[in-house]
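Take a look at the letters that make up each chain.
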Amino acid sequence: AGIGTLRRIKKIVPREHLTSVYKSIIEPYFDYCCLVWDAIGTSLAERLQKLQNRAARVITSATYLKRSKEIRKELGWLNLQERRNKFKAIMMYKTINGMAPKYMEDMFSQHAGNLAYNLRASCKNVALPQAKTDYYRNSFAFTGAKLWNSLPNDIKGESSIEAFIKKLSQVDLSITM
């Protein structure tokens, strides 16, 4: 419905307004509770990505000869996996820094492994939980810890959420969990 709306109004609305329509009508569907449904699997994730790509093509009037990655770069968009990783990293920041509910904080231990001493490389890391099943390996508790530990220490050590988000935009979030 949203992409069809973009297509119908495309001829009479400037590109920047089409982008606003996308961000207000379509993008929230991709982002809503994405931390919960992030483990949807490859085939469903690809189907969702095709929808974002189609919206980008409608907005830019690009043909199918142009790569979707180039179109998203032109629009300044992250792909959906990168967006989910961004939201996951932000939630991890909030959790580690006491800005999330207590039950979220209790999911993570701030001891990087069984080391009794602090290593500079493990600054602000959380222990990666033991995952015995694929179901748990795809959970927020596991993928969140893995993503958090992969971030540079200077980003994890930021004192404000705004500074964290600003530095996070400079990190490659295409990591697949």
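Our subject is the structure that appears above.
Given the structure is predicted, the values throughout are model-derived calculations rather than measurements.

**Overview of the overall build of the chain**
Check the secondary structure of the chain and you find eleven helices and zero strands. The order of helices and strands in the chain, counted from the N terminus, is α-α-α-α-α-α-α-α-α-α-α. For the chain, the C-alpha atoms occupy an extent of roughly 65 × 35 × 30 Å along the three principal directions. Among the 177 residues that make up the chain, the fraction classed as buried is 37%. Contacts spanning at least 24 positions in sequence make up 54% of the contacts within the chain whose residues lie at least 6 apart. Element-wise, carbon and sulfur atoms account for 55% of the exposed surface of the chain, whose accessible area totals about 11000 Å². The chain carries 29 positive and 15 negative side-chain charges, and their two centres are separated by 5 Å.

**Focus on the packing of aromatic side chains**
The relative placement of two aromatic rings is captured by the distance of their centres and the angle of their planes. Considering all chains together, one arrives at four aromatic pairs under this definition. Taking 4.1 Å as the distance between ring centres and 15° as the angle between the ring planes, the aromatic pair formed by Tyr 22 and Trp 77 counts as stacked. Remark: Trp 77 occurs in the loop between α5 (68-75) and α6 (80-96) and Tyr 22 occurs in helix α2 (residues 15-31); sequence separation between them is 55 residues. Owing to a relative accessible area of 0%, Tyr 22 belongs among the buried residues under this scheme. The exposure class of Trp 77 is buried, given its relative accessible area of 7%. An aromatic cluster is built from Tyr 93, Trp 148 and Phe 164, whose rings are joined through pairwise contacts.

**Some remarks on the environment of Ala 127**
By secondary structure assignment, the location of Ala 127 is in the loop between α7 (102-105) and α8 (134-137). Residues Ala 127 and Ile 25 lie 102 residues apart in sequence; the distance between their C-alpha atoms is 38 Å.

**Considering unusual backbone geometry**
Within the chain, Cys 33 stands out as a residue other than glycine whose phi angle is a positive 55°. Residue position: Cys 33 is located in the loop between α2 and α3 (34-37). You will see that Ser 61, though not glycine, has its phi angle at about 60°, which is positive. Relative to the assigned elements, Ser 61 resides in the loop between α4 (42-60) and α5.

**Looking at the side chain of Arg 83**
By secondary structure assignment, the location of Arg 83 is in helix α6. A distance of 3.5 Å separates polar atoms of two side chains, one belonging to Arg 83 and the other to Glu 27. Setting aside chain neighbours within four positions, we find Arg 83 in contact with Glu 27, Asp 31, Gln 52 and Leu 78.

**Digging into the pattern of salt bridges**
Evaluation of the coordinates by the stated rule reveals eleven salt bridges. Notably, a salt bridge pairs Arg 137 with Asp 134, separated by 3.2 Å at the nearest N-O pair. Of the two residues, Arg 137 and Asp 134 are both situated in helix α8; the distance of three residues between them amounts to about one turn of the helix. On the accessibility criterion, Arg 137 (33% relative accessible area) is partly exposed. Among the salt bridges present, the one from Glu 158 reaches Lys 167, with a minimum N-O distance of 2.8 Å. On the basis of relative accessibility, which here comes to 16%, the residue Glu 158 falls in the buried class. Several salt bridges share partner residues, and in doing so they unite Lys 23, Glu 27, Asp 31 and Arg 83 into one network.

What counts, and at which threshold
- Residues numbered from 1 in each chain as written.
- Predicted model: local features only at pLDDT ≥ 70, side-chain atom pairs only at ≥ 80, totals over all residues.
- Heavy atoms only, no water.
- Helix = DSSP H or I, 4+ residues; strand = E, 2+ residues; numbered from the N terminus.
- Buried < 20%, exposed > 50% of the residue type's maximum accessible area, 1.4 Å probe, protein only.
- Contact = heavy atoms within 4.5 Å.
- Areas by Shrake-Rupley, 256 points an atom, 1.4 Å probe, with all protein chains shown as cover.
- Lys, Arg positive; Asp, Glu negative; His and termini not counted.
- Charge placed at Lys NZ, Arg CZ, Asp CG, Glu CD.
- Phe/Tyr/Trp six-rings, centres within 6.5 Å; stacked < 30°, edge-to-face > 60°.
- Polar contact = N/O pair within 3.5 Å; in protein donor to acceptor, adjacent residues only side chain to side chain.
- Salt bridge = Lys/Arg side-chain N within 4 Å of Asp/Glu carboxyl O.

Just distances and angles here, no functional claims.
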